[in-house]
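Secondary and tertiary structure notes
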Amino acid sequence: MKNMNIQKIVRNNMPWLILLAVSIIFSFISPNFFSIANVINILNQNAYIITCAIGITLVMMAGQIDLSVGYQMSLIGVTMGLLVQKLGMPTPWLILIAIAEGIILSEINTFLALKLKITLLMVTVGTMTVYNGISFTISESKNLSGFDAMFKFIAKGYVGPIPFAVLITFLFVVIMSIFLNKTYYGRYIYALGGNEEAARLSGINVTKTKLMIGFFEGLFVALGTIMLISRVGTAHSGTGPGTEFTVITGILLGGVSIRGGEGKLSGVVAGILIMAILANGMQLAGWGTYVQFIAKGIIMLAAIGFDVYQMTHRKIVVDKTTEEKN
Amino acid sequence: MDNAIRLDSIVKIYPGVKALDGVSFSIEKGHVHSLVGENGAGKSTLIKVISGAVVPDSGTIYVDEKSYSRMNPALSGELGIGVIYQEYNLVPSLSVLENVFLGYRVGGKFFPDTKKMRERLNEVMDRLDIRLDPDAMVSTLSVAEQQFVEITKSLVRNVKVLIMDEPSATLSNKDVDKLFDVITHLKEEGVTVIYISHRMEEIFRISDDVTVMRDGKHIFTGPISEVDTHSLITMMVGREISETYPERHSPIGEAVLEVEHLYGNGDRDISFVLHKGEILGLAGLVGAGRTELAKVLYGAVPKEKGIIRVKGKEVTFRNPEDAVACGIGLIPEDRKGEGAFLNYSILWNSVIMALKKDARGIFVDDKKMEKKAEELSKTFQIKAPSLEQLVRNLSGGNQQKTVLAKTFAADTDILIFDEPTRGIDIGVKHDIYKLMNEIAERGVSIIMISSEMEELIGMSDRILVLHEGDMMGEVPKERFDSRYILKLASGIKEE
């Protein structure tokens, strides 16, 4: 029985244990890896990815995948760039418009998936290209800049010793963890991922729940984009695409099942940090960007493989227990 | 007398059910042999044993008097046994010709000999008097024509025994006539046909012989001339209804659900009234439209026209959420696919429909939910080491109880049970009956869909009979008689 408990603790905290293992390995390679400055630096670099991942986690927990995230970010970014460069729009307005745009883009995806009765994956294969095209067209592939000090504070400011971006990302994670675990809306998301038809026949309004997921996805993708543009200082159509890959891999490493219905937000944070440390390590080892692509792709396949393996493995275990009962 | 197929003491046991219990009979060559029995009598398992889709636990299958302990699909194909299932095995986007020769090579190793194929197809169609354009896409054909493609497909492969599972279920009367012409031609060709149908008049029209199955046992085999509708139905239903159903003492109250001239989801002109504390049975054969009616009543499929009144108030449900809000609950037939969340715990499952109702703002009241789940698991006698147990790991009976608890937790007082005891062990079935009675005594009204006549008669206060989407009648308790109900369900409306 005690054995079972240890097993359970290990399984529930797998992403954090992997993160710990990866960190220890890297602390040998690079002695100042565990310094406070480096830890804060890694957190700060990845705050925007974690923020985006919050939104995508809800989507994936409900059993769907959105491939257009990076292109949504690109479009939101250049919109802000245009507004600030052409109109000199103040930061509070920029933030509001970015959030509104994020929500609209992700609700367009949700709406199309609902109306056409196809998966979000299929819809976003189409919309990602559309969003990408719009982004390049309206920005004319130019770098857009002119952001003020207030905007730059989002990613570069500090509250005491802690970067502002890390602080608000931490807040977002806490709030959304509570939302997922303690509210009935959160349970409905798990219900959708667990068995969508059973959820519908249990009187859960599947359409409304999906629209709600779309709302949060758009919100957090927009917030993440704001943090990213603030970090980079300029907006360009090429900024954003690719993020979806890191985010989805991180979420899978974080214990969210590709079939939905399982996982925790805290695990996702660990998953993203695993990706970050590996990227950091590869950089230190002097691997080129393209070699890193290869490595990241393999990690993603490994994460999916492990997820599927766990599923089938569990099935076998279950079969044994039922046999025992009979 | 030449036998095409002879079965000797075939036994097939599934967990908890003896699907085939020592079945022995023979099928004469060149005859049309009908196979009849109620749902669950073992007909499907039997044809799967013959076609090789199911391996029997014991017994011998003789094909042309050669003995086999088991079949497999490849072997049965070689021996000339073909099956046409209710769900056709056709590729809609390919032509008739391509479908007929799918997986059957004519010509060289790489390039099919289309000319030869065409000749062979035309020859077979001529023999059967079937008129189809070989180049027509299958998706453009009618259901009857698609069936002819299936038959042609079998014949091209030199089939000697053709098994047809409910071939007429989806056909109009005119198409059935055409089908029978083709079957007559098949007979002339010397093909043995095993014909499965629920429709009595068809069986008498087309068969030479008939075999009756009941509860996995072989009851009768003989020439069709030896039986009539009455004796066939008596053999299908068999024993008198045993008194194993728990008694219920619930006063039947006012009308809670009134349905008037309801159309939708394939059902036509359904009218009935359900009273408080009553159990209304819904009888019918496969495809009668019972589950379809349940889905309309539950808002899972929109109604086309007609009136539904709940507690005197007219309602229109846009989705199940609306139905649940009016106190209607559904316990679906497909427990694992539509009822339970298998990867979550009993606790999680049993309160999911109560979360919103008992929430503080948007927050789940976890303590209250835990208490509620404990009460529910006591009321519904869910047997598990703890409430944290995943529903996936429960037995069928306990899964069903969990789904029942979940639905009940939403304060529903009109419950629709779709096949409540399907796949549940006999001992646990009784528990489910008792639970249904208990909640009826608490004032819950129940609609029970069941394919088991005995269960329907044992549990219901009244029985509504459907046949292919039409309401055949409403049978009051004093007229409960399985033969009468089965006749109505078969579409025979006479006194």
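Summarised in this report is the structure supplied together with it.

What counts and how
Residues numbered from 1 in each chain as written. Chains lettered and ligands numbered in written order. Predicted model: local features only at pLDDT ≥ 70, side-chain atom pairs only at ≥ 80, totals over all residues. Heavy atoms only, no water. Salt bridge = Lys/Arg side-chain N within 4 Å of Asp/Glu carboxyl O. Helix = DSSP H or I, 4+ residues; strand = E, 2+ residues; numbered from the N terminus. Buried < 20%, exposed > 50% of the residue type's maximum accessible area, 1.4 Å probe, protein only. Contact = heavy atoms within 4.5 Å. Buried area = accessible area lost by both parts, 1.4 Å probe. Polar contact = N/O pair within 3.5 Å; in protein donor to acceptor, adjacent residues only side chain to side chain.

We now examine the pattern of salt bridges. Scanning the entire structure with this criterion turns up 36 salt bridges over all chains. Measuring nitrogen to oxygen at the nearest pair gives 3.0 Å for the salt bridge that ties E196(A) to K210(A). Within this pair, whereas E196(A) is found in helix 10 (residues 196–201), its partner K210(A) is found in helix 11 (residues 206–232), the two being separated by 14 residues in sequence. For R268(B), the salt bridge identified is with D470(B), shortest N-O distance 3.0 Å. A residue pair is termed long-range when its members are at least 10 positions apart, and R268(B) in strand 12 (residues 267–275) and D470(B) in strand 20 (residues 470–476) qualify at 202 residues. Assessed through its relative accessible area of 37%, R268(B) is described here as partly exposed. With relative accessibility at 31%, the residue D470(B) sits in the partly exposed group. Each of K357(B), D358(B), K368(B), K372(B) and D411(B) takes part in one network of salt bridges that share partners.

Before going further, it helps to spend a moment on the interface of chain B and chain A. By convention, interface size is frequently given as the accessible area that disappears when the constituent parts associate. Every contact between the two is made by 32 residues of chain B and, on the other side, 29 residues of chain A. Between chain B and chain A the total buried area reaches about 2600 Å² when both faces are included, carbon and sulfur atoms providing 57% of it. On the chain B side of the contact with chain A, F341(B), Y344(B) and I362(B) bury the most area, a combined 19% of that side's loss. Applying the counting rule to chain B against chain A returns two salt bridges. One salt bridge in this structure joins R187(A) and D366(B), with 3.0 Å as the shortest N-O distance. At the junction of chain B and chain A, the tally comes to 13 residue pairs in polar contact (both at pLDDT 80 or more). Every element with two or more residues in the side of chain B that touches chain A is listed here: helix 10 (320–325) and helix 11 (335–339) of chain B. When residues in the side of chain B that touches chain A are grouped by element, the largest group, four residues, is from helix 11 of chain B.

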